[in-house]
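Descriptive structure summary
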Amino acid sequence: MGIEDYGGGQSEHADVLVVTTNDVPGHQVTRVIGEVFGLTVRSRHLGSQIGAGLKSMIGGELKGLTKTLVETRNQAMERLVEQARARGANAVLMMRFDVSEAADVGTEVCAYGTAAVISEL
């Protein structure tokens, strides 16, 4: 697996900018739309659970689970961007991820932030 399997984020030419900051240098917030989020829950398949159990005995990274979590975060972020776009935003400020266990059967990932309209100064 290459490094591209373990990363995420937006392309340089995204129509909805997502940042973890309160503002965007060189831009002003002209309208705050409100909270938006993207949510997904993924179950673990039996093979990865067995592999993770064996790996936990000897130590090391759980690459299959790492890759699954990256895919899950990317899906949550795509849903966040879709919701922001649908509400008329061209930016999401203060984006964060929240990750938790979902009833011991999977992982819940929520990407959330503040949808806004920004313009260049």
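The structure reproduced in this document is the subject of the present report. Please read all numbers here as calculations on a predicted model, not as lab measurements.

**Things to note about the overall build of the protein**
Counting its regular elements, the protein contains two helices and four strands. Mapped in sequence order, the helices and strands of the protein form the string β-β-α-α-β-β. Of the contacts made within the protein by residues no fewer than 6 positions apart, 77% connect residues no fewer than 24 positions apart. Of the accessible surface of the protein, which amounts to about 7,600 Å², a share of 53% is contributed by carbon and sulfur atoms.

**What about the packing of aromatic side chains?**
Under the criterion given, the structure shown has zero aromatic pairs. The ring of F97 carries R73 above its face, with NZ or CZ at 3.9 Å from the centroid.

**Overview of the pairing of strand β3 (residues 91–102)**
Residues in a regular strand project their side chains so that they alternate between the two faces of the sheet. Relative to β3, strand β1 (residues 17–18) is paired through two bridges, and the arrangement is parallel. Of the residues in β3, the one forming a bridge with L17 is A91. Here β3 runs beside strand β4 (residues 106–120); their pairing, made up of 10 bridges, is antiparallel. Residue pairing for β4: A102 is matched across the bridge by G106. In textbook terms, the turn of a hairpin is the stretch between consecutive antiparallel strands, and for β3 and β4 this stretch comprises three residues, one of which, A103, has a positive phi near 55 degrees.

**Considerations on helix α2 (residues 63–86)**
For α2, which comprises 24 residues, the first-to-last C-alpha distance of 35 Å matches the rise-based estimate of 34 Å (1.5 Å per residue) to within 8%. Burial in α2 covers these residues: V70, T72, A76, M77, L80, V81 and A84. Residues of α2 that are buried make contact with β1, β2 (27–43), β3 and β4. Of the residues one or two after α2, G88 is the one with positive phi, at around 95 degrees.

**Comments concerning a nonpolar patch on the surface**
Where nonpolar side chains cluster on the molecular surface, the patch consists of F37, L39 and Y112 and spans about 250 Å² of accessible area. Looking at the element boundaries, L39 is found in strand β2. Looking at L39, the relative accessible area reads 36%, which means it is partly exposed.

**What about the nonpolar core?**
In this structure, V18, V36, L80, A84, V92, M95 and A115 are the most contacted members of the largest nonpolar core, which totals 16 residues. Breaking this core down by element, the ones donating at least two residues are β2, α2, β3 and β4. When residues of this core are assigned to their parent elements, the largest contribution, five residues, is made by α2. Beyond its immediate sequence surroundings of up to four residues, L80 is in contact with V18, V36, F37, G38, V92, M95, A111, Y112 and G113. Counting six residues, the second-largest nonpolar core is a separate cluster that includes V19, V24, A116 and I118.

**Notes on the pattern of salt bridges**
Overall, the coordinates contain two salt bridges when judged by the stated rule. In this structure, the salt-bridge partner of R42 is E71, at a minimum N-O distance of 3.9 Å. Taken as a pair, R42 in strand β2 and E71 in helix α2 lie far apart in primary sequence, 29 residues in all. Overall, R42 belongs to the partly exposed group, its relative accessible area being 25%.

Cut-offs used in this document
- Every chain is numbered independently, its residues counted from 1 as its sequence is written.
- Only residues with pLDDT of at least 70 get local features here, since the model is predicted, and only at 80 or more are side-chain atom pairs given and counted; chain-wide, interface and lining totals rely on the full set of residues.
- Values shown for side chains rest on all heavy atoms present in the structure; no hydrogens or waters enter the calculation.
- Every helix listed is a DSSP run of H or I at least four residues long, and every strand listed is a run of E at least two residues long, numbered separately from the N terminus.
- Contacts are assigned to residue pairs with any non-hydrogen atoms lying within 4.5 Å of each other.
- Using a 1.4 Å probe, accessible areas were evaluated by the Shrake-Rupley method; residue-level cover was limited to the displayed protein chains.
- Between the rings of Phe, Tyr and Trp (Trp by its six-membered ring), a pair exists once the centres lie within 6.5 Å; its type follows the angle of the planes, with under 30 degrees stacked, over 60 edge-to-face, and the other angles tilted.
- In this analysis the charged atom, NZ for Lys or CZ for Arg, is taken to sit over a ring once it is within 6 Å of the ring centre and within 35 degrees of the ring normal.
- The criterion for strand pairing is that DSSP finds at least two bridges linking the strands in question.
- Each residue after the first adds 1.5 Å to the expected span of a helix.
- Only protein chains enter the area calculation, which uses a 1.4 Å probe; residues under 20% of their type maximum are buried, those over 50% are exposed, and those in between are partly exposed.
- Surface patches are defined over residues having more than 30% relative accessible area and no salt bridge, joining like charges when they lie within 9 Å and nonpolar side chains (Val, Leu, Ile, Met, Phe, Trp, Tyr) when within 5 Å.
- One side-chain nitrogen of Lys or Arg within 4 Å of one carboxyl oxygen of Asp or Glu is enough to make a salt bridge.
- To form a nonpolar core, buried Ala, Val, Leu, Ile, Met, Phe, Trp, Tyr and Cys residues must be joined to one another through side-chain atoms within 4.5 Å.

The analysis is restricted to geometry; functional conclusions fall outside its scope.
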